[in-house]
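For reference, the chains in residue letters:
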Amino acid sequence: MGKRVGLEVSLAVAEAVKLANVDVVSAYPITPQTHIVEELSVYVANGELDAEFIPVESEHSAMSAALGAVAAGARVYTATASQGLALMHEILFIVSGMRMPMVMTVANRALSAPISIWNDHGDIMAERDIGWVQIFAENGQEALDLTLCAFKIAEDKRVLLPMIVNIDGFTLSHVIEPVIIPDHAEVDAFLPPYTPMLKLDTDNPVTFGPVGVPEMYTEARKQLEQAIIGSKPVVEEVLAGFGAAFDRHYKLVEQNGKPGAKTRFVTMGSLGETCMTAVDELVAEGQDAGQTRIRLWRPFPEEEFLAACAGAERLVVIDRALSPGAVCGPVASELKSLFYGRPDAPEIINLVAGLGGRDVTVREFKEMFAMAVSGKLSGNYMMWGVESHAS
C-alpha cells in the first residue's frame, strides 16, 4: 500500500496534511518548521490542496486565525516551534478550553537565550498544561502517520480537543528518510470528513468562550480534565485502527532490549532510536539493559508505563529540557510522581541531555548505562556533558 520515497520529514508531514484534506492552513514561518507550511502553500497555489492558506504576522495570530477557522467548522492545521509556540501561549489554553479540534506540528527547538535554532524539548515542556493531546514521533514515518491519526483523534466526538504532534527540529524536520506515503483513497477510508458538533453560524447562533464566573469555572475545567483523560482509549483505538489499515503499528508506550531488564532507559522523540542502538549493543555484550519509549505525553499513559517498567530496579530517564530550579527534569518529575508511594518503585536517575541540539551518541548512552549500574549517577539530576565526565 502506498509508495516508498526518500523525503525530507517536514515535507512528509506536509504530505500527510494534504492527504487529510484540511480546509484551512494558518501559517507563520519559524525555523525549523517553515518547510512544512511552505510546502503546503505550494500545494494550495497549484491546486493540489483545496484549502484556504492564511499567512499571518505572528504565531499569536496564527493560532488566533486557526481558532476562528475551527470554530467556523473547518478542519484546521498549523505548525510552529520554540519562541513561536511560546508566543501562542495565551491562545493555546483558549483552544482547548473551548474544545476546538485542530492539529499542530511542533518542530521541537530550544528556547532562547542564548539563541538556538537546534533541537531540544524545552518549548513543548513549557506547554505541558495547555490541555492539548500531545504525542511524540521518533522518525519520519511516524511523523507522517501520527499526523493522520491526530486529525481522527482530535475530531472524535468523544475527544474534541486539539492535538500536537512533536517532531524533533532538524534531527527529524530537515532529514531525508524513506517514508511510505499512503494512497489518498486509503486515507479517505481511514479519516472521514470533519463534521463539527457546533459551529459559528449566523442563522443558528451559538456562544463560544463566554465569561467563566466563579460559580462555573471549576466545573468547566473539570470537564476539560475529564475530556483529556478520556482521550487515551480513543488514541489507542485510532492507533490500532491505523495499524489494521496500513500495517504500521504504534503503542502509547513501547519497549525494547532485554525482557525484564533491571536497568532501563526512558526516552521520548528521535533520541530514542540512538538509544535503541546502544541498548541492542549492550544486550549483545551480555548486559541487562532495556528501554521504555514514551509516545503519548498528554494524557500521560500511567498504566501502560507501569506495565512496561514492571520489574525494573532503576530507570535512567533522559530529559531534553531543563526545569531551572526544580529538583529534576519534567519527564523525571512525571515519573517520580507516578511511582511515589509504590512498594515496587525503581530508582529514578535523571539525566538532562541533548540541550540545544547537542549530540548524544551511542557511546555516551553506553557510558550512562555503565555509570548507572556502578552507582556513579546519583542525586536528582545531572546535566550530561557538563557535570558528567563526557565531553
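Report follows, based on the coordinates. (Residues numbered from 1 in each chain as written. Predicted model: local features only at pLDDT ≥ 70, side-chain atom pairs only at ≥ 80, totals over all residues. Heavy atoms only, no water.)

1. Here we look at the environment of Phe339
Quick note on the threshold: Numbering of helices and strands runs from the N terminus, with a helix taken as a DSSP run of H or I at least four residues long and a strand as a DSSP run of E at least two residues long.
Locating Phe339 in the fold gives a position in helix 11 (residues 330-339). Through-space distance from the C-alpha of Phe339 to that of Glu302 is 9.7 Å; in sequence the pair is 37 residues apart.

2. Describing the sheet that holds strand 13 (residues 314-319)
Our working definition: Strands were regarded as paired on the criterion that DSSP finds at least two bridges between them. We call two residues contacting when some pair of their heavy atoms lies within 4.5 Å. Note on geometry: axes are C-alpha line fits, over the in-contact stretch for helices, and angles between N-to-C directions span 0 to 180 degrees.
Read across the sheet, six strands follow the order 9-11-10-13-14-15 without closing on themselves; strand pairing throughout is mixed. The strands lining the two open edges of the sheet, one partner per strand, are strand 9 (253-257) and strand 15 (382-383). Examined bridge by bridge, strand 10 (residues 263-267) and strand 13 share four bridges and lie parallel to one another. Bridging across to strand 13, Phe265 finds its partner in Val316. Contacting strand 10, strand 11 (289-294), strand 13 and strand 14 (347-352), helix 11 crosses the sheet at an angle of about 145 degrees to strand 13.

3. Concerning the pattern of salt bridges
Filter applied, for reference: Counted as salt bridges are all cases of a side-chain nitrogen of Lys or Arg within 4 Å of a carboxyl oxygen of Asp or Glu. Using a 1.4 Å probe on the protein chains alone, a residue whose accessible area is under 20% of its type maximum counts as buried, one over 50% counts as exposed, and one in between counts as partly exposed.
Under the defined criterion, the tally for this structure stands at 20 salt bridges. Across the pair Glu155 and Arg75 runs a salt bridge, and its minimum N-O distance is 2.7 Å. On the criterion of sequence distance, the pair formed by Glu155 in helix 6 (residues 140-155) and Arg75 in the loop between helix 3 (59-71) and strand 4 (76-80) is long-range, its members being 80 residues apart. Relative accessible area serves as the criterion here: at 3%, Arg75 is assigned to the buried category. Connected through salt bridges with shared partners, the residues Glu138, Glu142, Glu254, Arg293 and Arg295 form a single ionic network.

4. Brief notes about a nonpolar patch on the surface
This is how it is decided: Like charges are joined within 9 Å and nonpolar side chains (Val, Leu, Ile, Met, Phe, Trp, Tyr) within 5 Å, but only among residues with over 30% relative accessible area and no salt bridge; these make up the patches. Note on areas: these come from Shrake-Rupley sampling with a 1.4 Å probe, and a residue is covered only by the protein chains present in the view.
A surface patch of nonpolar side chains, amounting to about 380 Å² of accessible area, comprises Met197, Leu198, Leu200 and Val206. Among the residues examined, Leu200 registers a relative accessible area of 46% and is labelled partly exposed.

5. Overview of the nonpolar core
The tendency in soluble globular proteins is for nonpolar side chains to be buried as a group. Put simply, the rule is: To define a nonpolar core, start from buried Ala, Val, Leu, Ile, Met, Phe, Trp, Tyr and Cys residues and group those joined through side-chain atoms within 4.5 Å.
Counting residues in hydrophobic clusters, the biggest one holds 105 residues, and the most contacted among them are Met63, Tyr77 and Phe305. Other than its neighbours up to four places away in sequence, Tyr77 contacts Val13, Val17, Val22, Val24, Val25, Ser26, Ile36, Leu40, Val103, Met104, Thr105 and Phe151. Core analysis: the next-biggest nonpolar cluster, separate from the first, contains 21 residues, Ala289, Ile318, Leu351 and Ala353 among them.

6. Details of the packing of helix 9 (residues 271-284) against helix 12 (residues 362-373)
The cut-off we apply is this: We call a crossing left-handed when the near helix sits turned anticlockwise from the far one by less than a right angle, and right-handed when that turn is clockwise. Residue type decides the class: Asp, Glu, Lys and Arg count as charged, Ala, Val, Leu, Ile, Met, Phe, Trp, Tyr, Cys and Pro as nonpolar, and the leftover types, Gly among them, as polar.
Where helix 9 contacts helix 12, the axes come no closer than 8 Å and their chain directions differ by 60 degrees. Read as a crossing pair, helix 9 and helix 12 show a hand that is right-handed. Touching Leu271, Thr274, Cys275, Thr277, Ala278, Glu281 and Leu282 of helix 9 are Val362, Phe365, Lys366 and Phe369, all from helix 12. When its residues are assigned to classes, the contact of helix 9 with helix 12 shows seven nonpolar, two polar and two charged.

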